[in-house]
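# Fold and geometry: a report
What follows is each chain in one-letter form.
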Amino acid sequence: MSMTISALARAGDVGVETVRFYQRRGLLDAPDRPEGSVRRYGEGDIRRLRFIRSAQAAGFTLEQIGELLQLDAGQDRKRARELAADRIAALDLKIAELEAARAALTRLARQCHASDEGPCPIIAAFEDGAQTSCV
C-alpha cells in the first residue's frame, strides 16, 4: 500500500501538519521523494503514527515516545517498564490533584446552593485565589 501524506494523516486521524511535526521531531521518517513526484508512505508508517498517537493518549511525552520507539520490543522490557512506571506515578499525582480540585469545587457548589444571600462562595473562592496567587 502506497499513500500520500494526506492519506497517511487521515489513516492516523491527524492533520498533515502533525505528520510533518512528528517528522521534524524524528519520530516519523520522511520517505525519499522521487524526482518530480510526491513522497509515498506505507503500512509501517501508519503503524508508527498510530503507535505515537496511542503513546500520547497514555500521557507519554514526545521525548519518551522517541525513546520507546528506539527500544527493541523483545530485549528492552526493563526500560519500557521503567518508563511506564514513571508515567503511572505522574498519572497518580495528576489524579490526586484532580480529585482534590473536584472535592473543593463540590464543597463550594454545596455552599452556593445552600443560600442565596451574600457573595457566591464559588466566585469568592476564585477571587481569593487570584489575590493570593498574585502575592
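Conventions and cut-offs
Residues numbered from 1 in each chain as written. Predicted model: local features only at pLDDT ≥ 70, side-chain atom pairs only at ≥ 80, totals over all residues. Heavy atoms only, no water. UniProt positions renumbered as here; feature names shortened; annotations may be inferred. Helix = DSSP H or I, 4+ residues; strand = E, 2+ residues; numbered from the N terminus. Buried < 20%, exposed > 50% of the residue type's maximum accessible area, 1.4 Å probe, protein only. Contact = heavy atoms within 4.5 Å. Expected span 1.5 Å × (residues − 1).

### Observations regarding the UniProt feature "domain: HTH merR-type" (unreviewed entry) in the protein
This chain's UniProt record puts "domain: HTH merR-type" (unreviewed entry) on residues 1-71. The span residues 1-71 shows a helical share of 56% and a strand share of 0%, and its end C-alpha atoms are spaced 26 Å apart.

### Overview of the UniProt feature "coiled-coil region" (unreviewed entry) in the protein
The sites that carry the UniProt feature "coiled-coil region" (unreviewed entry) are, in the present numbering, residues 81-111. In this annotation, residues 81-111 is assigned 100% helix and 0% strand; the end-to-end C-alpha distance for the span is 45 Å.

### Remarks on the side chain of Q23
Position of Q23 relative to the elements: it lies in helix α2 (residues 16-24). For Q23, a relative accessible area of 17% translates into the label buried. Contact partners of Q23, with chain neighbours within four places excluded, come to I5, L28, D29, A30, P31 and Y41.

### Considering helix α5 (residues 77-114)
Taking 1.5 Å as the rise per residue, α5 with 38 residues should run 56 Å; its terminal C-alpha atoms sit 54 Å apart, in good agreement. Those residues of α5 not exposed but buried are L83, R87 and L108.

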